[in-house]
Amino acid sequence: MTLPPYAEFLGLSIEPGEGAPVLLLPFHTDVIGRPGFLHGGAIGGLLEMAAVMALKHALEADGGGRIKPINVTVDYMRGGRDKLTRAQGSVTRLGNRVANVEAIAWQDEPDRPIAAARMNYLIVR
């Protein structure tokens, strides 16, 4: 699965595994907010890319299609420190025209996320 150009700009990579891809965001100078912490926009971008990749993964198994974002809601729960950050999306509803996707970002443990997002996408089949 190929990452979009924005994901490459952030320095994202895909962790090998089954199911929806887990994206990796290394801490580097382009994603720093306040000293020692990730910028909120970088976290939001990571979550959006995780959601897009999860939806593309689900659509591949369901005949394909193009997607267009409708809305995005991000909840920031704790500061992202200067370490590797992971994110994974999950499709909660895949309809004929609309998909609902959730994504979480974490650093140490998936059950202690630093941020979460809910997104809706228009699907063109």
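Refer to the structure printed above.
Each chain has its residues counted from 1, running along the sequence as written. Restriction of local features to residues with pLDDT of at least 70 applies here, the model being predicted, together with a cutoff of 80 or more for giving and counting side-chain atom pairs; totals for whole chains, interfaces and linings are based on all residues. To get the side-chain values, take all heavy atoms of the structure and skip hydrogens and water.

**Concerning the side chain of Gln107**
Then comes step 1: Relative to the helices and strands, Gln107 is located in the loop between β5 (98-106) and β6 (115-124).
Then comes step 2: Partly exposed residues are those whose accessible area sits between 20% and 50% of the maximum for their type, while under 20% is buried and over 50% is exposed, using a 1.4 Å probe and protein chains only. We classify Gln107 as buried; its relative accessible area is 7%.
Then comes step 3: Think of a polar contact as two N or O atoms within 3.5 Å of one another; within protein, one of them needs to be a possible hydrogen donor and the other a possible acceptor, and neighboring residues in sequence only count if both atoms come from side chains. Among the polar contacts made by the side chain of Gln107, one reaches the side chain of Thr85 at a distance of 2.9 Å.
Then comes step 4: Residue contacts are defined here by distance: any two heavy atoms, one from each residue, within 4.5 Å place the two residues in contact. Sequence-distant contacts of Gln107, that is, excluding residues within four places in its chain, are made with Leu38, Gly79, Gly80, Arg81, Lys83, Leu84, Thr85 and Ile114. Counting from the N terminus, the helices are the DSSP runs of H or I reaching at least four residues and the strands are the DSSP runs of E reaching at least two.

**What to know about the sheet that holds strand β1 (residues 13-15)**
Then comes step 1: One requirement defines pairing of two strands: DSSP has to find at least two bridges between them. Pairing within the open sheet is antiparallel, and its six strands lie in the order β1-β2-β4-β5-β6-β3. Strand pairing shows two members of the sheet lacking a second neighbour, β1 and β3 (66-76), which therefore form its edges. Adjacent strand axes in the sheet meet at a mean angle of 30°, parallel and antiparallel pairs treated alike.
Then comes step 2: In this structure, strand β4 (residues 85-94) lies alongside β5, joined through eight bridges in antiparallel fashion. Residue pairing in the sheet places Arg93 in a bridge with Asn100 of β5.
Then comes step 3: The strands touched by helix α2 (residues 40-60) are β1, β2 (22-25), β3, β4, β5 and β6; relative to β4, the strand with the most contacts, the crossing angle is about 45°. Lines fitted to C-alpha atoms define the axes here, with helix axes fitted over just the stretch in contact, and angles between the N-to-C directions of these axes take values from 0 to 180 degrees.

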